[in-house]
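# Breakdown of the fold
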Amino acid sequence: MADASVLDDPPPASGRGYRHEDEEDGEERAPRLRLSRRGVVVLGVLAALVAGTLGWLVFLSSELEVRTVAVQGLESGHLSEDEVRRAVGAEQGRPLARVDLAAVERRVGAVPRVAGVEVWRGWPHTLRVKVTERRAVAAIHTEGGRFVQVDAGGREFADEPQPPGGVPVVELQLSAQANDALGVIDRPALVRAAVTVAAGLPPEVAKRAGAVQVHSWDDIRLQLRDGVTVRWGSAERTARKAVVLTALLGRKAANYDVSAPDAPAVSG
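The structure contained in this document is the topic of the report that follows. Since the structure is predicted, the reported quantities are computational estimates derived from the model, not experimental observations.

### Quick word on the sheet that holds strand 3 (residues 126-133)
- Spatially, the 3 strands line up as an open sheet ordered 1-3-2, and their pairing is mixed. Looking at the sheet topology across the chains shown, the edges are occupied by strand 1 (68-72) and strand 2 (114-122). The average undirected angle you get between the axes of adjacent strands in this sheet is 20°.
- Bridge count for strand 2 against strand 3 is 8 bridges, and the pairing is antiparallel. Across the sheet, Val114 pairs through a bridge with Glu133, a residue of strand 3.
- Packing against the sheet, helix 4 (residues 81-88) makes contact with strand 1 and strand 3, and its axis sits at approximately 125° to strand 1.
- Contacts from helix 5 (residues 101-109) reach strand 2 and strand 3 within the one sheet, and its direction differs from that of strand 2 by about 150°.

Written out as structure tokens, the structure reads:
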């Protein structure tokens, strides 16, 4: 009988140094991709052609031109889409990628009723413009009888024969002392103080306020539409005075005094 140790030669115990012959052949024969110089040149030319074609398509051709100017954000009814499009300028027909978005924003932002603007590309053919309109917090009654609308920042942006609804009218009814002091505190400063008060009014109070009357720097009064008078004092601490007045309006009275908001008074 043949010796079993001769017939069955076991593999090394550790498994090291043992590799199948086919695996070695497979690794040695793994294909490698090599490009000749001519192949590299051909690929470079093709890439340049593709990039050039895309560049022409995006920046020069009419395939991706501006065909529509879409306007968003108009709510007041005082500013029309046509006005915004005129401010945008002659962008229709221009390749969309070549539109100077910052320049469009500057032009639209120069429209008096526009407080803010965003412009972006809506591929493939739309230039999108989102407008934030200025909101009047007061109307200044001018000597000519017209009403200049003012926003919360004190920016005058519209001049109309009638005041807008829901905002108080600023009226200068200066006392003799205030007139004498115009060299120190001039009319524009007094108007700005009144606008500060109007801008700080809570919406429910602003709707009731018919006028902000300026008698002097520290004597500003609200005349509510129902005949109620609010003595406001100066424009200082307007936020605090607005909170106090809102609480006081729960008590029926003809006169409210918040000129000293820590010691308000109610009468009538």
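Okay, back to it.
### Looking at unusual backbone geometry
- The omega torsion across Trp123 and Pro124 is 10°, close enough to zero to call that bond cis.
- Following the sequence through the fold, Pro124 ends up in the loop between strand 2 and strand 3.
- A positive phi angle is found at Arg237, which is not glycine, with a value near 60°.
- The exposure class assigned to Arg237 is partly exposed, which follows from its relative accessible area of 46%.

### Focus: the sheet that holds strand 5 (residues 147-150)
- Strand order in the open sheet made by the 9 strands is 6-5-4-7-8-9-10-11-12, with mixed pairing throughout. Looking at the sheet topology across the chains shown, the edges are occupied by strand 6 (156-160) and strand 12 (265-267). Between one strand axis and the next, the sheet turns by 25° as a mean value, whatever way the strands run.
- Pairing analysis gives 4 bridges linking strand 7 (residues 169-172) to strand 8 (residues 209-216), with the strands arranged parallel. Paired with Glu171 across the two strands is Gln213, which belongs to strand 8.
- Along the sheet face, helix 7 (residues 187-199) touches strand 4 (138-141), strand 5, strand 7, strand 8, strand 9 (219-224) and strand 10 (229-233) and points at about 140° away from the line of strand 8.
- Of the strands in this sheet, strand 9, strand 10, strand 11 (255-257) and strand 12 touch helix 9 (residues 238-248), which is tilted by about 155° from strand 10.

Cut-offs and rules
- Residues numbered from 1 in each chain as written.
- Predicted model: local features only at pLDDT ≥ 70, side-chain atom pairs only at ≥ 80, totals over all residues.
- Heavy atoms only, no water.
- Pairing = 2+ DSSP bridges.
- Helix = DSSP H or I, 4+ residues; strand = E, 2+ residues; numbered from the N terminus.
- Axes fitted to C-alpha atoms, helices over the stretch in contact; angles between N-to-C directions.
- Contact = heavy atoms within 4.5 Å.
- Buried < 20%, exposed > 50% of the residue type's maximum accessible area, 1.4 Å probe, protein only.

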